[in-house]
Amino acid sequence: MSTLVTGGAGYIGSHVVRLLEERGEQVVVVDDLSNGIPARVPNAVLVELDLSAPDAESRLRAVMEEHDVTSVIHFAAKKQVGESVERPLWYYRNNVDGLANLLGAMEATGVDTMVFSSSAAVYGMPDSGLLSEKTECRPINPYGQTKLVGEWMIDNAARHGLKAIKLRYFNVAGAGWPDLADTAVMNLVPIILDRVAAGKAPIVFGDDYPTPDGTCVRDYVHVADLADAHIAALDHLGAGEIAESVFNVGTGRGASVLEVIDAMSRALGRHLTPEIAARRAGDPPQLVADVSAINEVLGWRASYGLADIADSAVPEGMRP
Ligand SMILES: NC(=O)c1ccc[n+]([C@@H]2O[C@H](COP(=O)([O-])OP(=O)(O)OC[C@H]3O[C@@H](n4cnc5c(N)ncnc54)[C@H](O)[C@@H]3O)[C@@H](O)[C@H]2O)c1
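Reading guide: rules and limits
Residues numbered from 1 in each chain as written. Predicted model: local features only at pLDDT ≥ 70, side-chain atom pairs only at ≥ 80, totals over all residues. Heavy atoms only, no water. Near = heavy atom within 4 Å. Polar contact = N/O pair within 3.5 Å; in protein donor to acceptor, adjacent residues only side chain to side chain. Areas by Shrake-Rupley, 256 points an atom, 1.4 Å probe, with all protein chains shown as cover. Helix = DSSP H or I, 4+ residues; strand = E, 2+ residues; numbered from the N terminus. Pairing = 2+ DSSP bridges. Expected span 1.5 Å × (residues − 1). Buried < 20%, exposed > 50% of the residue type's maximum accessible area, 1.4 Å probe, protein only. Contact = heavy atoms within 4.5 Å.

### Section: the site of the ligand
Consideration 1: Taken together, 29 residues sit near the ligand, with Asp31, Asn35, Phe75, Lys79 and Tyr143 positioned nearest.
Consideration 2: Measuring from a nitrogen atom of the ligand, one finds a backbone N or O atom of Leu51 at 3.0 Å.
Consideration 3: Between the ligand and Asn187, the relevant distance is 3.4 Å, taken from an oxygen atom to a side-chain nitrogen or oxygen of the residue.
Consideration 4: Here the ligand, which alone exposes 820 Å², has 96% of that area covered by the protein.
Consideration 5: For the shell around the ligand, the secondary-structure elements that each account for two or more residues are α1 (11-22), β5 (113-119) and α5 (142-158).

### Quick look at the sheet that holds strand β15 (residues 286-289)
Consideration 1: Taken in spatial order, the four strands line up as β6-β15-β10-β13 in an open sheet, and their pairing is mixed. Taken across any chain shown, the strands that pair with only one partner, and hence form the sheet edges, are β6 (130-131) and β13 (255-256).
Consideration 2: In terms of strand pairing, strand β10 (residues 217-218) meets β13 through two bridges, oriented antiparallel. Looking at the pairing, Val217 lines up with Ser256 of β13.

### Brief notes about helix α8 (residues 257-268)
Consideration 1: End to end, α8 covers 16 Å across twelve residues, agreeing with the expected 16 Å (1.5 Å per residue, within 8%).
Consideration 2: Those residues of α8 that fall on the buried side of the exposure criterion are Val257, Val260, Ile261, Ala263, Met264, Ser265, Ala267 and Leu268.
Consideration 3: Where α8 is buried, its residues touch α6 (188-197), β9 (203-205), β11 (220-222), β13 and α10 (306-313).
Consideration 4: Of the residues flanking the end of α8, it is Gly269, one or two places downstream, whose phi is positive at about 70°.

### Description of the environment of Val5
Consideration 1: By the secondary structure assignment, Val5 is in strand β1 (residues 2-6).
Consideration 2: In this structure the C-alpha to C-alpha distance between Val5 and Leu258, which are 253 residues apart in sequence, comes to 35 Å.
Consideration 3: Once residues lying within four places of it in the same chain are set aside, the contact partners of Val5 are Gly13, Val17, Leu20, Val27, Val28, Val29, Val30, Ile73 and Phe75.

Right, here's the structure in full:
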């Protein structure tokens, strides 16, 4: 028996691979290494494969049979909003075709358990800043659209026997282990670190939003907590009871951009004075997860806060 982790050489996937291995489970990683790093998964079987390639479904079937796969955690996807606006079709090919190939291989081999990486991007620009799973999904970019389409594909497969939990992550940051840190400079915490390393001030895009300090508020969840939510989801599916199949994953508390910069200042041991720039298009003022469903159904809640995220994100060479 083994768990197949697509995108397992990536930032979040590698944290889950390590947790599964700590539980003594067999793991097979499938990753095209477009953004993955093999050194993050030194103990897992690693199959280099593009899930959206024409022969991916048959290759996945062979991997599932060879390794006696019984469950799948699906992380592999492209995840940059701006890039998705530039190359929408490529995002659909990777994220939607890739999932179709994976679901086809699962159906053909009788693998019936899946945890899916969805995103708060499915909500788009909501009217209220506190989002429950019942908030209407109106994604505003191709990335968010591919995640919502992925959820629908899984809902359809669930009508034919798939047991699945979709996790809508909010803002993921920090590192559970130093060697698994987020190396891509795409999210706020790595962007702040990158600016500081280059001797530059962090940039705040807009300080006139209707929030307590005028900067955008988001829900930052520690990647170690998020990884743990996947284990809770797998265990829940294994126990055979599914009350809800989609859950927000966040802390339920918002932090502003200035609060994140303040936490990073403390972790770095130096005061960071940000530069204030104009608002960017498409940034809602506040996005915070209502996490009552995941608390109640999976018994999961975040255990780390912003200071833990900041401390764990600072690499060895930048610590005070
Ligand atoms: N990081 C976040 O803040 C965040 C928030 C919400 C949702 N997510 C979702 O979580 C998942 C993991 O994100 P991450 O931050 O670890 O990203 P990541 O880029 O570090 O990991 C994704 C992995 O998938 C692989 N991959 C991409 N396309 C592939 C393909 N066609 N075939 C095979 N492998 C492929 C990449 O090489 C990479 O190793 C993604 O689905 C992403 O959309 C991430």
